[in-house]
Amino acid sequence: MSAMFKLVGKPAPRHDAWAKAKGDQLYSDDFTMPGMLYGKALRSKYPAAIIKSIDTSKAKALPGVHAVLTAKDVPMNVEISKFGQMKDVGGGFEGLYKVLADGKVRFKGEAIALVAAETEELAEEACRLIEVDYEVQPGVFDPEEALKPGAYIVSSDEGENESNLIMESHINKGDVEKAFAEADVIVENEYRVPPVDHAYLETEGGVAWVDDNGVITMRVGTQVLEHYRTIAKVMGLPQNKVRNMSVPMGGGFGGKEDITVETFLCLLANATKRPVKMVWSREESLEVHSKRHPEILRYKTAATKDGKITAQKVEIIMDGGGYKLLTGWVQMYSTVNAPGCYNIPNVKVDSYSALTNNTPSSANRGFGCCQANFASELQMDELAAKLGMSPLEIRLKNCLRNGDEICTGFIPQGHIALEEIAKKAWEGLEATGPKPDYVDGKKIGRGLAIGMMSYGRLTFMHDSSRVGLRIELDGSVTLRAGVPDLGGGQASVLCQIVAEELGIPMEKVHPYIMDTHLTPLCGTTTATRQLYMSGNAALVTVKVLKERIIKKAAEMLDAKPEEVQLINEKACLINNPLKSVPFVQVVGALSNDGVELFHEGQFNAPFTDVPNLHDMKGRIWPDFTYSAHAVEVAVDEETGKFEVRKVVLCYDVGKAINKNSCEGQLEGGCVYNQGYVTENMGWENGITKARSFAEYLIPTAVDAPEIETIMVESGGGLGPYGAKGVGEPADNSIAPAIVNAIYDAVGVRLKEMPVTPEKLLKAIQEKNK
C-alpha cells in the first residue's frame, strides 16, 4: 500500500514548522494596532448571588477610560452555546448563557461588566471602581444535591425551567434484570472523576476593530470560526458585518470551543470605534473558563464464571456548572461510551446532568468519553480480579470485533482492531522483561486499558466541510480552507493530500486558512473531525481538478486518461514514465482553453435524525478509533508517591497521513491524560483554589515516561485513504491503565481521581492493617 504514495504516509514537515521553531509565528497576543485600547472584565466575587445594583459612574469618570459596559448595553444579552453546526437540532442541546451577568450570578468569576481603557492598568483600576451590590445566595455545588427537590435553583430566568436538570439520556438494550438474576458473578462499584483544566500554553485573547466598511473584525484564535454568527446575533448585526481573521492557537483541547473573548472584544470595539485588545491572565483563565465535566459513575456488571459479560447497568451524574454550554453534547458521549468497547448483550444506561454553582463544564479533549472509559476500564479489572483472570484475558473475551453492535444497536462500519492492539500493547510491555517486584525500593505494577472514541461529529448534526483550490499558472496551488489550526497540523495535512493527488511537492501548496469572509467554512476543529471531514473535502475537491488535468494531459500525450498519472511535477504514461509533459505546461494549456483551474468542493458526513434520548438507538457518530495502553508504574509504599515508568500505546490509525503528526498526537494525548490522574482544581463550594501552575500541577517533561508508540494501519477508517482520527482518542485509556497498574503494584484500587499521594498512602495503610 505504501508504495502507491509519494507523500501520504511519510513524516512530512508542516507548512508552519519553521515559523514556529524560530518564533516567527504570530498568535493572538502578538497583534497590536494604532490607537489600541485594552479590555478587562469585572467578575463576580461570589459563586451564587443576586445582583441588586451596579454603579459604574466612578469607572466612567476615570480619565483614559473609553467604555464601561454592563448587561443593559448588550443588544441581546444571551448567547447560544452552539457547536458550530449548520443544523439547529433542538432537543435542549443548545444551552443559553449570558454575555454579562444580570439578575443571578451563577459561578464565581462570571463577567458582570466590561471596560476599555488606554492601558491595562487603567482598565483594571476602572474595574475596581465599579460598585456591585450583591445579595449572596447559598448556591448548590454537588450535582446530586442539585437534582433533589427543594434544591437551590441555579437559574430562574425567564424561559428556563425551575429545575437544575439540564438533560437526561437513556439506553436500554436487552433484558438487564433477567441477566443479573442468572449471573454467576456481579461486580458493583462507584467511580468519581474530577474537573480538569485544558492548561494550554496560550491563554484566551485577541484583538478586534471596526474596519472601513463597518465590519467588526477580530483576530482571535478559536476552535469554532462559525461563532461569528452567534456574535452577530448578540450585536444585532447581519452576519456579514462580523468577521474573524483567526490566527493559529497555542493549544485548545476543547477550551477554545466555546466563545471566550470574542463577544467582549466586539462589544468594546463597537462602543469605542477603536481597536481593543483583551488577553486573560493565567489566574483568570484557570478560574473562569470551562473545565472537563466532573462525573459520578455507578456500575453494576454481570458475568458468567468463565468471564463473559452478560449485562451492564450504569448511572451517570454530570456536573454542568453554572451554564449548560456543551453539556448536552458531552452527555451523549458519556452515555453511549458508558459500557466501554465491549460486546454486551444487555445494557441499561441512565445519565443525568445538573446545573450547579461551580465553574461551567464544557468541551475538553475526549468530550465525555474519558470519564466513561476510566470507570468502565477499572470495572473490567475489578471483574477480572474477582474471576481470577488476567486483565488481557478478560478484555479479549469481551471486546468488540467486526460485525458486533454497540449499545445503541449500531454496527460500526470501520475496522475494529481491539483484539490486535490490546495484544500488541501488552506484549510490547512484557517484551521489556519479567515484571520485577521492586526497583529502587519502589513497588512495581503493570496495568492495561483499552478504549474506543468516535471521530467526526454526531451524525444528527448533519456535518459538512468545504475546501477551495486554485491552480496557479506556475503550477503552484492556493488552498483555501476555514480550518482552525490548533497546532496539530490541521492545515498541513490538507496540503499533503492535495500535493499527493497532483504529483507536486508539498511546499508548492500554500494554505490560506481561518478567515470567515474569505475562506470556505470547514466546520469546527473539534470532535476529531478535521482529517475526516476536511481531509475528505480536500480529496473531493482536488480530484475534480486532477480529472481536468489528466484529461488534457492525455490529449497532449496522445493517450487515454486512464493511462496517465501525475507524479514528480509531470503528467506521464503509467506504463512508460519517460513519455511525459510538465505539470505546468498542462496547466498552461488548460488556461488557454478557458478551462477552470479552481474548484470548491464539499464533503458531507452521514446524516441521521436526533435520537430519542429516552431510548437511544442507531448511529450516533460516523466511526470509532480504538486505543490500548499498557503501563508500568513504581509506587513508594512509604509516601504514596508514584511514577509512570513506561507506556506502550497501540492504536489502529487506519492510515497515517503524516507519520510525524500522528505519532505526536498519540504521545501528546498520552501525557495530556496522564495528568487526568493527578491534576487537582481544588474546588470548594464553587471556589477554585488552584489559580496558577504553582498550584495546578500538570505533567512536565520530567514526568513524561518512556513511550513506545505502535501504529497499526488497517486502512479501515472512513477518512481519506482509510485514515481514522486520533486527535482526541489519543488521550483515551491511559488514565485507567495507570490506576490499574497502581492496583497491580500495591493491591489497592482507588476509584476516585485525582490520585494523590495522601489518598494512596492512606489506602495502602488501611490495606496493611
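Heads up: the structure comes first, above all this text.
What this report covers is the structure whose coordinates are included nearby. Along each chain, the written sequence defines residue order, and numbers are assigned to residues from 1. Only residues with pLDDT of at least 70 get local features here, since the model is predicted, and only at 80 or more are side-chain atom pairs given and counted; chain-wide, interface and lining totals rely on the full set of residues. Only hydrogens and water are set aside when side-chain values are computed; all heavy atoms of the structure are taken into account.

1. Comments concerning the overall build of the protein chain
In plain terms, the rule: Going along the chain from the N terminus, every DSSP run of H or I of four or more residues is numbered as a helix, and every run of E of two or more is numbered as a strand. Only C-alpha atoms enter the radius of gyration, while the globule expectation follows 2.2 Å times N to the 0.38, with N the number of residues. For the exposure calls, accessible area comes from a 1.4 Å probe over protein chains only, and a residue counts as buried if that area is under 20% of its type's maximum, exposed if over 50%, partly exposed in between. Between two residues, a contact is recorded if the distance between any of their heavy atoms is within 4.5 Å. Only four residue types enter the tally: Lys and Arg on the positive side, Asp and Glu on the negative side, with His and both chain ends excluded. In this description, the location of a charge corresponds to atom NZ of lysine, CZ of arginine, CG of aspartate or CD of glutamate.
When you go through the protein chain residue by residue, the secondary structure sums to 18 helices and 31 strands. Against the globule reference of 27 Å for 769 residues, the protein chain gives a C-alpha radius of gyration of 27 Å, in line with a compact fold. Counting only C-alpha atoms, the protein chain reaches 85 × 75 × 50 Å along its principal axes. With 769 residues in all, the protein chain has 63% of them scored as buried. For the protein chain, restricting intrachain contacts to residue pairs at least 6 apart in sequence, the fraction spanning at least 24 positions comes to 80%. When the 83 basic and 103 acidic side-chain charges of the protein chain are each reduced to a single mean position, those positions are 2 Å apart.

2. A few points about the sheet that holds strand S8 (residues 131–136)
Where we set the bar: When DSSP finds two or more bridges between two strands, those strands count as paired.
Taking strand neighbours across the sheet as the criterion, the three strands line up as S6-S2-S8 in an open arrangement whose pairing is antiparallel. Since the sheet does not close on itself, it has two edges, and those belong to strand S6 (104–105) and S8, each with one partner. With six bridges joining them, strand S2 (residues 49–55) and S8 adopt antiparallel strand pairing. Pairing of Ile-54 across the sheet is with Val-132, part of S8.

3. Digging into the pattern of salt bridges
As a reminder, the rule being used: When a carboxyl oxygen of Asp or Glu lies within 4 Å of a side-chain nitrogen of Lys or Arg, that pair is called a salt bridge.
Using the criterion set out here, one finds 52 salt bridges in the structure. A salt bridge links Arg-243 to Asp-515; the nearest nitrogen and oxygen atoms lie 2.7 Å apart. Remark: Asp-515 occurs in the loop between strand S22 (509–513) and helix H14 (530–557) and Arg-243 occurs in strand S13 (residues 242–244); sequence separation between them is 272 residues. Summarising the burial analysis for this pair, Arg-243 and Asp-515 share the class buried. Two residues, Glu-555 and Lys-552, come together in a salt bridge whose shortest N-O distance is 3.3 Å. Note that Glu-555 and Lys-552 are positioned in helix H14 at a spacing of three residues, about one turn of the helix.

4. Things to note about unusual backbone geometry
Residue Pro-754 is reached from Met-753 by a cis peptide bond, and omega for that bond is 5°. Here Pro-754 lies in the loop between helix H17 (734–746) and helix H18 (757–767). One non-glycine residue, Phe-367, lies in the positive phi region at around 50°. Among the structural elements, Phe-367 can be located in the loop between strand S17 (346–355) and helix H10 (369–387).

5. With respect to the environment of Gly-482
If you trace the backbone, Gly-482 turns up in the loop between strand S21 (477–481) and helix H13 (492–502). Sequence-wise, Gly-482 and Leu-518 are 36 residues apart; in three dimensions their C-alpha atoms are separated by 8.3 Å. What Gly-482 contacts, discounting residues up to four positions off in sequence, is Leu-225, Met-514, Thr-519, Pro-520, Cys-522 and Gly-523.

6. Focus: H10
The α-helix winds at 3.6 residues per turn, so residues separated by three or four positions along the chain end up facing the same way. Let me state the cut-off plainly: Multiplying 1.5 Å by the helix residue count minus one yields the expected span of that helix.
Across its 19 residues, H10 extends 27 Å between first and last C-alpha, which sits within 8% of the 27 Å expected from 1.5 Å per residue. Taken across its 19 residues, H10 has 17 buried, putting it largely inside the fold. Remark: Gly-388 follows H10 within two positions and exhibits a positive phi of approximately 70°.

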